[in-house]
Amino acid sequence: MRFFQHFGEYLLFLKAVFTKPEKGKIFIKQIFTESNNIGVGSFAIISLISTFIGAVSTIQIGYQLVSGILPDYLIGRIVRDSNILEFAPTVTALVLAGKVGSNIASEIGTMKVTEQVDALEIMGINAANFTSLAKIVSGVITIPMLVLYAMMLSLVGGALSGWMSGIISVESFVKGLRTDFMGYNVVFALTKAYTFSFLITSVSAFQGFRTQGGALEVGESSTKAVVYSCMSIIFFDYIISQLMLFK
Amino acid sequence: MIVIENVNKTFGTKHVLKDISANLYKGKCNFIIGASGGGKSVLMKCMVGLVTPETGSITFDGRDFLKLNYKEKINVRKDIGMLFQNTALFDSLNVEENVAFPLRMFTDFTEEQIIERVNFCLGRVNLVNLNKLYPSNISGGQKKRVGIARAIALNPKYLFCDEPNSGLDPLTSRVIDELIKDITKEYNITTVINTHDMKSLFVMGENIVFIHQGAKWWEGEKAGIRSSGNKELLAFMEASEF
């Protein structure tokens, strides 16, 4: 019962968020600022994680395909598909749920408990729209870009680890990457990326916006933002996979 | 002028505001006083639209706020300035940006006009050379002044001050009191002050509304407090050691 109440509140929150911004010029400025915070600010961590995920997946797939019957380049092909289909969008989203989600929830939560949100409302500004819309739009713009970047870097990491550990040569790995490539997989990954980016930013903004109390509650909201974002990512990962891969 | 009529508000089973009616006059410092938990903050939140009462009306110069649609409410809100207990300054913006915020949101001023108005408002509250500092880098008294500067930036018709002296030393409190009083007279605005500070009340209070246990127990001019015969009000005054 409580779930439905919260879900209803979330929908009402989204209704308040998706209205025309009070001042277009300020909104555009907010988008640039937030895109910088969300996108550029997450560049380093995504670079590190995606490179190592690509590297580890190459080693593990190489370890499982040691029969000698299967050609080497299959390692590259499996690394490519597993990274494009799952690791890059989902792991990137889970990492960003932790980094960006907690940041959004604590920022809006702090504004709420220090009456800054009330100040906006009294001025006649739609506080839900002002505090959250730019964050959601920026997330939806930048997170899929980060996912594309993570895809590319994971393949580079995979090639490097295969070459350094002697599992597979770069030539064979690249051959594997180019074998039976399906553009649809990238479409699938981007569909997930857009969905996850909306979930991370909107769920976190909602958790921040419903904060009441003080510092302790801001921390709780931040934790809830990460947990609920991760849960919704995993749930929608399953739904999208089911809908798009087995039509 | 703000007219409050028969306002009732309940939270769950608790009746927080009980049929409150009061008049708050233009050009005067109207005080709402009462013990903590008595309902005065809720009453102020009802007036500024942060809480919606179940029944009653709150009329701003003939405009019944509770009956207005969303857009009409926004127009009334643009006439409202508010000084919060904890100032509620935007901590990601510096002093200048905080005061400029309502101007940027609601006017078509050029950047030069905005800065000119910001400097005028900051000068009016006796704050100079602090434009580029952030709220975390200024004192409590300075924050209150920035809050007042932001509240008057759009020339409001109504100024609401929630515990304007909380957390301030006595000297700074008097400075803030004088500032609010001067601004009220200078711009002929309806100022509503929610406070426990009896010294403030006797310095600048003109119209007093005493709220006790969610109900209005007394309303009148400060000169009438001593002779009011209202036990609760007199007990409240005595407890304030004034």
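Residues numbered from 1 in each chain as written. Chains lettered and ligands numbered in written order. Predicted model: local features only at pLDDT ≥ 70, side-chain atom pairs only at ≥ 80, totals over all residues.

Novice: Mind laying out the overall build of chain A, listing which residues take part and the relevant values?
Specialist: Across its full length, chain A carries nine helices and zero strands. In sequence order, the secondary structure elements of chain A are arranged as α-α-α-α-α-α-α-α-α. Buried residues in chain A amount to 46% of all 247 residues. Considering only contacts within chain A whose residues lie at least 6 apart along the sequence, 87% involve residues at least 24 apart. (Helix = DSSP H or I, 4+ residues; strand = E, 2+ residues; numbered from the N terminus. Buried ≥ 20, exposed ≤ 12 C-beta atoms within 10 Å, placed from the backbone. Contact = placed C-beta atoms within 7 Å.)

Novice: I'd like a description of the overall build of chain B, backed by residues and values.
Specialist: If you tally the helices and strands in chain B, you get eight helices and ten strands. Against the 2.2 N^0.38 benchmark of 18 Å for 242 residues, chain B shows a C-alpha radius of gyration of 18 Å, consistent with a compact globule. Taking the principal axes of its C-alpha atoms as reference, chain B extends roughly 55 × 45 × 30 Å. Each of the 242 residues in chain B was classed as buried or not, and the buried ones make up 43%. (Rg over C-alpha atoms; globule rule 2.2 N^0.38 Å.)

Novice: Which residues make up the packing of helix α4 (residues 73–113) of chain A against helix α9 (residues 215–245) of chain A, and what are the values?
Specialist: Residues and elements named next belong to chain A. Between α4 and α9, the shortest axis-to-axis distance is 8 Å and the interhelical angle comes to 145°. The two elements α4 and α9 meet at a crossing, and its hand is right-handed. Classifying every residue of the contact of α4 with α9 by side-chain character gives eleven nonpolar, ten polar and two charged. (Axes fitted to C-alpha atoms, helices over the stretch in contact; angles between N-to-C directions. Left-handed = near helix turned anticlockwise from the far one by under 90°. Nonpolar A, V, L, I, M, F, W, Y, C, P; charged D, E, K, R; others polar.)

Novice: Quick one: what's the story with the environment of E232 of chain B, residue by residue and with numbers?
Specialist: Residues and elements named next belong to chain B. Relative to the helices and strands, E232 resides in helix α8 (residues 231–239). For E232 and W218, which are 14 residues apart along the polypeptide, the C-alpha to C-alpha distance reads 9.3 Å. Sequence-distant contacts of E232, defined by excluding residues within four places in its chain, comprise H212 and W217.

Novice: Just give me the short version of unusual backbone geometry, but keep the residues and values in it.
Specialist: Residues and elements named next belong to chain B. The residue D61 is not glycine, and still its phi comes out positive at about 45°. On the secondary structure map, D61 appears in the loop between β4 (55–60) and β5 (63–64). On the neighbour-count criterion, D61 (13 C-beta atoms within 10 Å) is partly exposed. With a phi close to 55°, A88 is a non-glycine residue in the positive phi region. Tracing the backbone through its elements, the reader meets A88 in the loop between β6 (80–83) and α3 (95–106). Judged by the 24 C-beta atoms lying within 10 Å of it, A88 falls in the buried class.

Novice: Provide a residue-level description of the pairing of strand β10 (residues 215–221) of chain B, including the pertinent values.
Specialist: All names here are of chain B. As judged from the six bridges shared by strand β9 (residues 207–212) and β10, these two strands associate in the antiparallel manner. By the bridge assignment for β10, V209 is matched with E219. From the end of β9 to the start of β10, which pair antiparallel, there are two residues, and Q213 there has a positive phi angle of about 50°. (Pairing = 2+ DSSP bridges.)

Novice: Requested: an account of the confidence of the model for chain B, with residues and values cited.
Specialist: The share of residues in chain B with pLDDT of 70 or more is 99%, and the mean pLDDT across the chain is 89. For this predicted complex, the interface confidence score (ipTM) comes to 0.87, while the overall pTM stands at 0.89. (pLDDT = per-residue confidence, 0-100.)

Novice: Could you give an account of the interface of chain A and chain B, naming the residues involved and the relevant values?
Specialist: Facing the 13 residues of chain A at the interface are 14 residues of chain B. Top element by residues in the side of chain A that touches chain B is helix α5 (residues 116–123) of chain A. It accounts for six residues. Its residues assigned to classes, the side of chain A that touches chain B shows five nonpolar, three polar and five charged.

Novice: Can you lay out helix α5 (residues 140–152) of chain B for me, pointing to particular residues and giving the numbers?
Specialist: All names here are of chain B. With 13 residues, α5 should cover 18 Å at 1.5 Å per step; its first-to-last C-alpha distance of 19 Å lies within 8% of that length. The element α5 is extensively covered by neighbouring structure, given that ten of its 13 residues are classed as buried. Tucked inside the fold, the buried residues of α5 contact β6, α3, α4 (111–124), β7 (158–162) and α6 (170–187). (Expected span 1.5 Å × (residues − 1).)

Novice: Just give me the short version of α4 of chain B, but keep the residues and values in it.
Specialist: Residue and element names in this part refer to chain B. With 14 residues, α4 ought to run about 20 Å at 1.5 Å a step, and its terminal C-alpha atoms sit 20 Å apart, in line with that. For α4, every residue scored as buried is listed here: V118, C121 and L122. An end-on view of α4 places all buried positions within 95° of arc, on one side of the element. When the buried face of α4 is taken as reference, the exposed residues oriented beyond 90 degrees from it are E112, Q113, E116 and G123. Where α4 is buried, its residues meet α3 and α5. Looking one or two residues beyond α4, the residue adopting positive phi is N126, at roughly 60°. (Arc of directions from axis to C-beta.)

Novice: Explain the sheet that holds strand β2 (residues 14–24) of chain B to me, using residue names and the numbers behind them.
Specialist: Within a beta sheet, neighbouring strands are joined by backbone hydrogen bonds and run either parallel or antiparallel to one another. Residues and elements named next belong to chain B. In space, the four strands of this open sheet follow the order β2-β1-β4-β5, with antiparallel pairing throughout. Either end of the sheet is taken by a strand with one partner, and the two such strands are β2 and β5. In this sheet, β5 lies alongside β4 in antiparallel orientation, the contact comprising two bridges. Residue pairing across strands places T59 opposite D64, the latter belonging to β5.

Novice: Describe the sheet that holds β7 of chain B, listing the residues and the values that go with them.
Specialist: Residue and element names in this part refer to chain B. With respect to topology, six strands assemble into an open sheet ordered β6-β7-β8-β3-β9-β10, the strand pairing being mixed. Unpaired on one side and paired on the other, β6 and β10 mark the two borders of the sheet. Strand-to-strand, the axes of this sheet are offset by a mean angle of 15°, without reference to chain direction. Relative to strand β8 (residues 190–195), β7 runs parallel, the two sharing five bridges. By the bridge assignment for β8, L159 is matched with T191. Contacts between α5 and the sheet are confined to β6 and β7, with β6 contributing the most and set at about 175° to the helix.

Novice: Help me get a handle on the nonpolar core, residues and values and all.
Specialist: Counting residues in each nonpolar core, the largest one holds 125 residues, and the members touching the most others are L43, M47, M82, V99, A149 and F160 of chain B. Setting aside its immediate chain neighbours within four residues, F160 of chain B contacts M44, M47, V48, I80, M82 and V192 of chain B. (Core = buried A, V, L, I, M, F, W, Y, C linked by C-beta atoms within 7 Å.)

Novice: How would you sum up the confidence of the model for chain A? Please name residues and give values.
Specialist: Per-residue pLDDT for chain A averages 94, and the proportion of residues at 70 or more is 100%. No element of chain A has a lower mean pLDDT than α5 of chain A, at 93, and none a higher one than helix α8 (residues 183–209) of chain A, at 97.

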